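Below, each chain spelled out in residue letters.
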Amino acid sequence: MTTLNQPDSIPTVLDPEALPERPATLWGLVRRRFFRRKSALVGLGILGLLIFVAIFAPVLAPYGPEQVLIGVEDIRKRQGPCIHLFGCPQDQPQHLMGVDGNVRDQFSRMLYGSRFSLIIGFTTVTFAILVGATLGGLAGFLGGWFDDVVMRMMDVLLAFPSLLLAIAIVAVLGPGLINALLAIGIVSIPAYARVVRASVLVVKEMDYVSASRALGAAPLRLLFNRILPNALTPLIVQGTLGIATAILDAAALSFLGLGAQPPTPEWGSMLGSERNQVFTAPHLVFFPGLAIMLTVLAFNLLGDGLRDALDPRLAHVS
Amino acid sequence: MLQYITRRILLAIPVLFGILLVTFILGRLIPGDPCSAALGEHATAEACERFARENGLDQPILVQLAIYMGNILRGDFGESIRFSRPVSLILIERLPLTIELSLSALSLALLIGIPAGVIAAVRHNSATDVVTMVGANIGVSMPVFWLGLMLAYLFALVLRDTPFWLPPSGRLTAGLNATPFYEFYEWQVEPGSGWFYFLEFLANFYIFNSIITFNLPVLKDAIQHLILPAMALSTIPMAIIARMTRSSVLEVLGMDYIRTARAKGIRERIVVMKHAFRNALLPIVTIVGLSLGGLLGGAVLTETVFSLAGVGRILFEAITARDYPIIQSFTIVIAIGYVLINLMVDLAYAYLDPRIRLT
């Protein structure tokens, strides 16, 4: 009876080696899925490096971020990079990324700039999540006219291209880093409101919520202790990807002169103030832009990795 | 279908009113006195009073809002403070440039992004797939203004003595003259009439105008000037479209009806293009609509980098110079354009997926 022969590769239930290793917890599973993705690890690596640089900038930087080197060293303004390892004469002072238009060491400014990027990303997204999640959560939970009013307001905000709306808000508030952050925060609110509302609508119909309600939980307690924590997953993903957008938009505002003001060593502002020198001193444009791109890339890769790890439904797609 | 279209258009009306309201509020909130902005720092009190009366600024705020909405609905956008010209004329001059730029960037994004995404999906996990996705990830993280400057550096300076040289700024080389097509064909139009402005608007699409007047030098020059800004502006949408196409096609390729089609012995090419791609189109259409908004925002940056006096650039300058009429009307035009694009996306959606228009 050859037809009943089974191939050798089918494991028997009793063979413990053949059973897949059982994940201890949900988070263990998520962690494993996350670490399996190379791109997510690259993102994590870049972000780790960035945080390291941001914390140890004063130790790593050979000069102060706003230290003008006129009279200190014999160099021209906008001088190109001088790296001893690559054949720059030993008697010349070393400037890994050259010197900017105000004779400051570009490398030191770049290192300090990482602080601004991270702060910009985290503060704007935290602000937008706090406001957006509250609005979206309440809208989804309460429904009715409140839902209508809030979501139509979000529609109107979404009807403007985000960078243009941010520019208009900065025009009202006046240029400056804090105002630029506020503008980007306001512009990003609708995305979070929508995400949270959508998950609240799903979660609030679940049995454990009804059970909680039947036990007499107060509505606000129900929302904040039972519903919102379980609607968090898409918010984490959206938030990580949102940091990338926020950093990009903040750099754009600073580039246009509406965000961080000189002499703040913010990458977008450094790039913007030297953009007319791109043909004579390309290093002053190249490095800040590269740093912005890598930072944004890190958060994008991280966000994608988190999404795939947290949402197994998408696993086969990626 | 008709019912769906009607409902969708009616739904857009409250949003349009919201946009008018937001621009009105923003206009009133911008610090600085409109009188001193219009008449100068040293305007006398009487002059300011007259200015306020003429512009309805002495009326209650709700009346001002009504006047404002009425003017906009009649197409009267007011007069620019900085240029002392009607805003509608400035729009006629500047809008074609921005539309030309956005459309070419969008075409680039679609022409490269969609095939790249389909190929990556079909050759899942191959080297092609990895390279495409690494490229797409870098693309979505690209600061448009930086890429623009780097492209200008590369093509205008590094490659300056090669056939690949491209101009780093402007719309046409100085000295080149583009005759408007209505003059070329010697149409009799009365300057200042509505018809004249409409033709002028069309003639300001330099590529369109030079094609229908057979002006090859201008056509070549205009395209050369457009390549770099369009490349810079297209990067982010191209990357987004490629990613979305890939994941959408991948998802569809796993469906049972694809296996059926293959089992029937249909050629792989037909399976991918006809069975898979058409069904993967819905999310792609959505993402194209969404990325158009980013395109308009990116136009401000691209126009700044390449010294193009388009809508985005003028709007940005107006904001820094507190030119309220321009700020308000340009924002409205852009936002309305955005709403209309989304409307078209929704209609395309309904056309592609019968289930939507039936619900």
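About the cut-offs
- Residues numbered from 1 in each chain as written.
- Chains lettered and ligands numbered in written order.
- Predicted model: local features only at pLDDT ≥ 70, side-chain atom pairs only at ≥ 80, totals over all residues.
- Helix = DSSP H or I, 4+ residues; strand = E, 2+ residues; numbered from the N terminus.
- Buried ≥ 20, exposed ≤ 12 C-beta atoms within 10 Å, placed from the backbone.
- Contact = placed C-beta atoms within 7 Å.
- Axes fitted to C-alpha atoms, helices over the stretch in contact; angles between N-to-C directions.
- Parallel < 35°, antiparallel > 145°, perpendicular 65-115°, else oblique.
- Left-handed = near helix turned anticlockwise from the far one by under 90°.
- Nonpolar A, V, L, I, M, F, W, Y, C, P; charged D, E, K, R; others polar.
- Expected span 1.5 Å × (residues − 1).
- Bend = angle between axes of the 7 residues up to and from the residue.
- Core = buried A, V, L, I, M, F, W, Y, C linked by C-beta atoms within 7 Å.
- pLDDT = per-residue confidence, 0-100.

### Describing the overall build of chain B
Counting its regular elements, chain B contains 16 helices and zero strands. For the C-alpha atoms alone, the extent of chain B along its principal axes is close to 85 × 60 × 45 Å. Counting only residues that meet the buried cut, chain B has 37% of its 359 residues in that class.

### Description of the overall build of chain A
Helix and strand content of chain A: 11 helices and zero strands. Helices (α) and strands (β) of chain A occur, in sequence order from the N terminus, as α-α-α-α-α-α-α-α-α-α-α. Counting the 318 residues in chain A, one finds 44% classified as buried. Considering only contacts in chain A between residues 6 or more positions apart, those separated by 24 or more positions represent 69%.

### Re the packing of helix α11 (residues 283-310) of chain A against helix α6 (residues 127-140) of chain B
The geometry of α11 of chain A relative to α6 of chain B is characterised by a closest axis approach of 8 Å and an angle of 120 degrees between their N-to-C directions. By the criterion of interaxial angle, the relationship of α11 of chain A to α6 of chain B is oblique. Between α11 of chain A and α6 of chain B the crossing geometry is right-handed. The segment α11 of chain A lies against α6 of chain B, with L297, N300 and L301 of chain A engaging N137, I138 and V140 of chain B. Partitioning the contact of α11 of chain A with α6 of chain B into residue classes produces four nonpolar, two polar and no charged.

### Observations concerning the interface of chain B and chain A
With 40 residues of chain B at the interface, the matching set in chain A holds 37 residues. Split by residue class, the side of chain B that touches chain A holds 29 nonpolar, 10 polar and one charged.

### As for unusual backbone geometry
Cis geometry marks the peptide bond from P262 of chain A to P263 of chain A; its omega dihedral reads 5 degrees. One can find P263 of chain A in the loop between α9 (232-255) and α10 (267-273). Residue N125 of chain B is not a glycine yet carries a positive backbone phi of 70 degrees. Despite not being glycine, F214 of chain B shows a phi value in the positive range, around 55 degrees. Within the element layout of this structure, F214 of chain B appears in the loop between α10 (206-212) and α11 (216-253). Overall, F214 of chain B belongs to the exposed group, with 9 C-beta atoms counted inside 10 Å.

### Topic: α11 of chain B
Residue and element names in this part refer to chain B. Here α11 contains 38 residues, and its C-alpha end-to-end distance of 45 Å is more than 12% below the 56 Å for a straight helix at 1.5 Å per residue. Along α11, the helix axis deviates most sharply at T235, where the bend reaches about 40 degrees; the proline P237 sits within four residues downstream. Across the 38 residues of α11, 28 count as buried, placing the element largely inside the fold.

### Observations concerning the nonpolar core
Ranked by size, the top nonpolar core spans 167 residues in total, and within it A166, I167, Y192 and I247 of chain A together with L315 of chain B carry the most contacts. Counting residues per element, this core draws most heavily on α11 of chain B, at 18 residues. Contacts of I247 of chain A, omitting those with residues within four sequence positions, involve S117, I120, G121, I292, T295 and V296 of chain A.

### Structural notes on the packing of helix α1 (residues 26-36) of chain A against α11 of chain A
All names here are of chain A. Packing of α1 against α11 brings their axes to within 8 Å, and their N-to-C directions diverge by 135 degrees. Our classification of the angle between α1 and α11 gives oblique. α11 is crossed by α1, and the crossing has right-handed handedness. Contacts between α1 and α11 involve V30, R33 and F34 from the first element and G305, L306, D308, A309 and L310 from the second.

### Brief notes about the confidence of the model for chain B
All names here are of chain B. The share of residues in chain B with pLDDT of 70 or more is 97%, and the mean pLDDT across the chain is 85. Predicted confidence in chain B is weakest over helix α16 (residues 354-358), with a mean pLDDT of 67, and strongest over helix α7 (residues 144-158), with 94. If you check the scores for this complex, the pTM reads 0.85 and the ipTM reads 0.84.

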